[in-house]
Amino acid sequence: MMDYERLLSDNVKSLKPSGIRKFFDILEEMKSGEAISLGIGEPDFVTPWHIRDAGIYSLEKGYTKYTGNAGLMRLRQEIALYLKRRFGLEYHYKDQIIVTVGGSEAIDLAVRALVNPGDEVIIPVPSFVCYGPVTALACGKPVYVETKVENEFRLTAEELRAAITPRTKLLVLPYPNNPTGGIMERADLEALADVLRGTDIMVLSDEIYAELTYGQHHVSMANLPDMKERTIVVNGFSKSYAMTGWRMGYVCGPAPVISQMLKIHQYAIMSAPTTSQYAAIEAMREGDGDIESMRRDYDFRRRFMLDGLKALELDCFEPKGAFYMFPCIRKTGLSSEEFCERFLLEEKVAVIPGGAFGSGGEGFVRMCYASSIDNISEALNRLERFLKRL
Amino acid sequence: MYDTNDILRLLEKDGRLTPQQIAAMLAMEPEQVKAFIEKSEADGVILKYTTLIDWDKTTEESVKALIEVKIAPQRGEGFDRIAQRIYQYEEVDSVYLMSGNFDLAVYITAKTIKDVAEFVYARLAPLEGVTATATHFILKKYKEMGCAYVVPSEQEERINFA
């Protein structure tokens, strides 16, 4: 008999599986069509046809081989043009951009390229679930900083300063934020930059939701004076072009860091999927209008859901980014996990307990509004019924 | 940021939205939305509220056809008078004045092929000013009013958490 427990990596064994597994097992058992899921964080749109068509066309032409490690040159050039056009960011396609398998790979590359064993990585929470485990796999130490609802889940300079130690290597900046919908405006970033300038701390700015802000344009940490040299920008096609399944992301940063990241990418991945890269070229060239029309639709739904939650007298700050609402459910007296489990079992609506996104998320639930108005409307009706019964 | 045309765009996609819902989506007042909708109805901007039905999935049998109509326009009245005489028929769904090889595109729905034929030879062709017709039966509908008839099947395995 093999003793796998003894054989397996301690580091991997110590990773916790996602805390909401049980919860999705319930969802899976329900009859399809019976439950409304506001749980999955992905666009409900299908990728615009002209982008899909470009992928199909590349297959017809027989473009089925590996690309260069960093990705197709034409795609990297388009990414550089796009970043300049949309966000005023300047990166050179030759040595400052890698095309990755989704934003997730880019995060992994950045952490692995920078973190030495014992280095600390500051991670604001609640946030997307991967930063801590990726840090742990690189033998780094995640240092979680709880952001506060009264600050609209922004990271403040005081919170950052309090978390910094001589071992701090990296600050993860996950804005616009999943799961809270919080954003960082220029002044908020300036305050953080004041703390960081003159230190050796690098910033990993996960800007995958950069195109989904409402009422103001996204500002990147790399837009600020003296910050580009200490910032790694992660972005991708999943959220802005509804391309989650294509697994297309990219990372930009200072050439000395990017060249080290490229080595990891080279050995672990080779190159991002070729078909997806051709589709991505089309997205960057002709997709600005798609972004805008989807963003408008999300904004309609955002207001619609916020209005509904307010009518039910649930406390919810107005999220200005991504496609999530993060209402506080403390007044129900339930923990966020109890709330979500009962809401799913009794009313068949799936939302995610805030605690799944790290400490500070407890007492909140994440509701994704990248869903049809009919779904949102019905989910709100059921929520009303549920709250009345509690 | 959003204007009243957005009210129309939303209603065009889903006629069942209430003024309250639209107001929430556009950050407007429900009264403002309601007043605008009423005015649009009165002004003929909103013509009617309808439902798109795939009759092929029901027991109802019907035939749709596109009839190209050539016309000798009448002095002083152009194509409008004859178009009006055609669109009054209940079985006519749409009538468009076209550029190109024919003048009017007439879409009709009837119970049987025979009914379509009868419409063409008994009603359309004898009209004064109609010089020729060409009837094309619609074999299959793929997309109408921005809505595809074939709904893509649900992907089998989906990620649970992102």
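Cut-offs and rules
- As a convention, each chain's residues are numbered from 1 in the sequence order in which they are written.
- Going through the entries in the order they are written, you letter the chains from A and number the ligands from 1.
- Per-residue local features of the predicted model are confined to residues with pLDDT of at least 70, and side-chain atom pairs are confined, for both listing and counting, to 80 or more; whole-chain, interface and lining totals are unaffected and use all residues.
- Computation of side-chain values: all heavy atoms of the structure, hydrogens and water removed.
- Helix and strand assignments follow DSSP, with helices taken as H or I runs no shorter than four residues and strands as E runs no shorter than two, numbered in order from the N terminus.
- The atom set for the radius of gyration is the C-alpha atoms, and the globule formula is 2.2 Å times the number of residues raised to the power 0.38.
- Working definition: with a 1.4 Å probe on protein chains only, accessible area under 20% of the residue-type maximum means buried, over 50% means exposed, and in between means partly exposed.
- DSSP-based pairing: two strands are paired if at least 2 bridges between them are found.
- In this description, the term disulfide denotes a pair of cysteine sulfurs within 2.5 Å.
- A fitted line through C-alpha atoms serves as each axis, taken over the contacting stretch for helices, and the angle formed by two N-to-C directions is quoted from 0 to 180°.
- Left-handed describes a crossing in which the near helix is turned anticlockwise from the far one by less than a right angle; the clockwise case is right-handed.
- A contact between two residues is defined here by any heavy atoms of the two lying within 4.5 Å.
- All residues other than Ala, Val, Leu, Ile, Met, Phe, Trp, Tyr, Cys, Pro, Asp, Glu, Lys and Arg, Gly among them, are scored as polar; the first ten of these are nonpolar and the last four charged.
- All the domain ranges listed were derived from an automatic or database domain assignment.
- Summed over both partners, the accessible area (1.4 Å probe) lost when two parts come together is defined as the buried area.
- Salt bridges, as used here, are contacts in which a Lys or Arg side-chain nitrogen is within 4 Å of a carboxyl oxygen on Asp or Glu.
- Under the rule applied, a polar contact is a pair of N or O atoms within 3.5 Å (in protein, one hydrogen donor and one hydrogen acceptor; residues adjacent in sequence only if both atoms are side-chain atoms).
- To qualify as a nonpolar core, a set must consist of buried Ala, Val, Leu, Ile, Met, Phe, Trp, Tyr and Cys residues joined through side-chain atoms within 4.5 Å.

Focus on the overall build of chain A
Part 1: For chain A, the count of helices and strands is 14 helices and twelve strands.
Part 2: The C-alpha radius of gyration of chain A comes to 21 Å, within 12% of the 21 Å expected for a compact globule of 390 residues.
Part 3: Overall, chain A is about 60 × 60 × 55 Å in size when its C-alpha atoms are taken along their principal axes.
Part 4: Each of the 390 residues in chain A was classed as buried or not, and the buried ones make up 58%.

A short note on the sheet that holds strand β9 (residues 324–325) of chain A
Residues and elements named next belong to chain A.
Part 1: Taken in spatial order, the three strands make up an open sheet running β9-β12-β11, and their pairing is antiparallel. Pairing within the sheet leaves two strands with one partner each, and these edge strands are β9 and β11 (352–353).
Part 2: As paired elements, β11 and strand β12 (residues 365–368) share two bridges and run antiparallel to each other. Bridge pairing links Pro353 to Val365 in β12.

Observations regarding the state of the cysteines
When the sulfur atoms of two cysteines share a covalent bond, that bond is a disulfide.
Residue and element names in this part refer to chain A.
Part 1: Counted by the stated rule, this structure contains zero disulfides over all chains.
Part 2: Here Cys252 stays free of any disulfide, with the sulfur of Cys130 as its closest cysteine sulfur at 17 Å.
Part 3: Using a relative accessible area of 0% as the deciding quantity, one classes Cys252 as buried.

Notes on the packing of helix α6 (residues 102–114) of chain A against helix α10 (residues 255–268) of chain A
How two helices pack is summed up by the angle between their axes together with the distance between the axes.
Residue and element names in this part refer to chain A.
Part 1: With their axes 9 Å apart at the nearest point, α6 and α10 run at an angle of 115° to one another. The two elements α6 and α10 meet at a crossing, and its hand is right-handed. The residues of α10 that touch α6, namely those facing Glu105, Ala106, Leu109, Ala110, Arg112, Ala113 and Leu114, are Val257, Gln260, Met261, Ile264, His265 and Ala268.
Part 2: For the contact of α6 with α10, the per-class residue count stands at nine nonpolar, two polar and two charged.

Here we look at the domain arrangement of chain B
Part 1: When the domains of chain B are assigned, the result is domain 1 (4–42) and domain 2 (55–141).
Part 2: For domain 1 of chain B versus domain 2 of chain B, the distance between C-alpha centres works out to 34 Å.

Considerations on the domain arrangement of chain A
Residue and element names in this part refer to chain A.
Part 1: Once the domains are mapped, chain A shows domain 1 (8–47 + 289–389) and domain 2 (49–286).
Part 2: Each of domain 1 and domain 2 has a C-alpha centre, and these two points are 24 Å apart.
Part 3: In this assembly, 34 residues from domain 1 lie in contact with 41 residues from domain 2.
Part 4: A buried area of about 3200 Å², summed over both sides, lies between domain 1 and domain 2, and 62% of it is on carbon and sulfur atoms.
Part 5: Considering only the surface of domain 1 that becomes buried against domain 2, Thr47, Ile291 and Lys320 emerge as the three largest contributors, covering 24% of it.
Part 6: Across the domain 1-domain 2 interface, the total number found is one salt bridge.
Part 7: The tally of links between domain 1 and domain 2 comes to 18 residue pairs in polar contact (both at pLDDT 80 or more).

Overview of the nonpolar core
Here is a general trend for soluble globular proteins: nonpolar side chains tend to be buried in one another's company.
Residues and elements named next belong to chain A.
Part 1: Ranked by size, the top nonpolar core spans 64 residues in total, and within it Phe339 and Leu383 carry the most contacts.
Part 2: Sequence-distant contacts of Leu383, defined by excluding residues within four places in its chain, comprise Leu309, Leu312, Leu314, Phe339, Phe343 and Met367.
Part 3: Grouped together as the second largest cluster of nonpolar side chains are 30 residues, Ile79, Tyr250, Ala272 and Met284 included.

Re the pairing of strand β4 (residues 141–146) of chain A
Part 1: With six bridges joining them, strand β3 (residues 120–125) of chain A and β4(A) adopt parallel strand pairing. Within β4(A), the residue paired with A:Pro124 across the bridge is A:Val145.

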